[in-house]
Amino acid sequence: VELEAGRLVTSARRVRSGHLFSTQAFRDGRVHIQDEASQLVGLLVGYGRKILDCCAAPGGKAAILAERNPGAFLVAADLHPHRARLLRSLVHTNGVHVIAADARALPVPAIFDRVLVDVPCSGTGTLARNPDIKWRLKIGDPLRLRDLQLAILKSAMMAVAVGGRLVYSTCSLEPAENRQVVESALAEAPAFKLINCRTELERLRSEGQLVCADLDGLLQGPYLRTIPGVHPCDGFFAAILERVSV
C-alpha cells in the first residue's frame, strides 16, 4: 500500500498512462484495480487459518486475504447470487469457498480466527470518484444503513472464535456508520475488546507492506481513518475487535 507520493512497494503499482482494461494481464485476472485504502483494510485482517469475508463481492479484499494466507480455509459470502458468481470468477485461488448468504444470518459456526466485515454503506468516502452519490442519498439513509450495519456486525461477531479478530470497515465518512456502530456492538458484547489499529499499522510497515511515515495521520483514536484530500486515497474507516472469551 502506497500512502506517500513517489514511493512504491512490491505488491502494488500505479498506472499513469495507457488503458489497463485492454491488457492481457487484466483479462487473465492477474491485475486488480483497487484503492490504496481499500487494500489497507484487507491487510489489516492479518493472518489466519480460517477466514471469513462477510460481504465479499466484488472480491478485491478477498483476493488479498487469499494471497496473504495460502492454504487457509477462506469463506467469501455475498447476499446476491449474481455477485457471488462474479466473485467466484475474480478469485480463482484454491481454498476460497464462495457462498450466497445474508450476512445478518450467516450459516457458519464460530470457528474463524479472522473475519472481515466490509459492510454496505453510504459511500461518502468515495465521492471524489462517485459524485452521483450525493444525489442518490436520502435523508433517512444513514439511520437505515446504521441499523443494517449493526445487524451485520453482530452476526459476524458470532462467527469469531475465541482469540480471533474481526475487522469492521466502511468507505463512509459518517460517524453514525462507523464509530457509533462499533460502540453499539461492543456495548452488547463483553466477550470482545477493541484493538488499537496502530499496532497492526506498525506491523504492516515493518513488513514493508505499508509506506507511510506518519501513522498518526491514519488514525482517529484507535480507528483507521483515511480522508480524501488529506490522504491520496478514498475515505475509509476500520476497527479491529478481538474475541477474548466465550
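Not measured: the values here are computed from a predicted model. (Residues numbered from 1 in each chain as written. Predicted model: local features only at pLDDT ≥ 70, side-chain atom pairs only at ≥ 80, totals over all residues. Heavy atoms only, no water.)

Draft legend 1. Local environment of unusual backbone geometry. Of note, the bond from alanine 57 into proline 58 is cis; its omega dihedral lies within 30 degrees of zero at 10°. Mapped onto the fold, proline 58 is located in the loop between β1 (50–53) and α3 (60–68). (Helix = DSSP H or I, 4+ residues; strand = E, 2+ residues; numbered from the N terminus.)

Draft legend 2. Spotlight on the side chain of threonine 170. Among the structural elements, threonine 170 can be located in strand β5 (residues 160–170). Overall, the relative accessible area of 0% leaves threonine 170 in the buried class. Within the structure, threonine 170 has its side chain in polar contact with the backbone nitrogen of serine 172 (distance 3.1 Å). There is a polar contact of 2.5 Å between the side chain of threonine 170 and the side chain of asparagine 178. When residues no more than four places from it in sequence are discounted, the contact partners of threonine 170 are Asp118, Val119, Cys121, Glu177, Asn178, Gly235, Phe236 and Phe237. (Buried < 20%, exposed > 50% of the residue type's maximum accessible area, 1.4 Å probe, protein only. Polar contact = N/O pair within 3.5 Å; in protein donor to acceptor, adjacent residues only side chain to side chain. Contact = heavy atoms within 4.5 Å.)

Draft legend 3. View of the packing of helix α2 (residues 36–44) against α3. Contact geometry of α2 with α3 gives a least axis separation of 9 Å together with a crossing angle of 45°. Judged by the angle between their axes, α2 and α3 are oblique. Like other packed secondary-structure pairs, α2 and α3 cross with a definite hand, here right-handed. Each of Ser38, Gln39, Val41, Gly42 and Leu43 in α2 lies in contact with α3, whose residues at this interface are Lys61, Ile64, Leu65 and Arg68. Among the residues forming the contact of α2 with α3, the class breakdown is four nonpolar, three polar and two charged. (Axes fitted to C-alpha atoms, helices over the stretch in contact; angles between N-to-C directions. Parallel < 35°, antiparallel > 145°, perpendicular 65-115°, else oblique. Left-handed = near helix turned anticlockwise from the far one by under 90°. Nonpolar A, V, L, I, M, F, W, Y, C, P; charged D, E, K, R; others polar.)

Draft legend 4. Region of interest: the environment of proline 228. Position of proline 228 relative to the elements: it lies in the loop between β8 (223–225) and β9 (237–243). C-alpha of proline 228 to C-alpha of valine 160: the two residues are 68 residues apart in sequence and 32 Å apart in space. The residues touching proline 228, leaving out its near neighbours within four places in the chain, are Gly125, Leu173, Cys233, Asp234 and Gly235.

In short, the description is geometric, and any link to function would need to be established separately.
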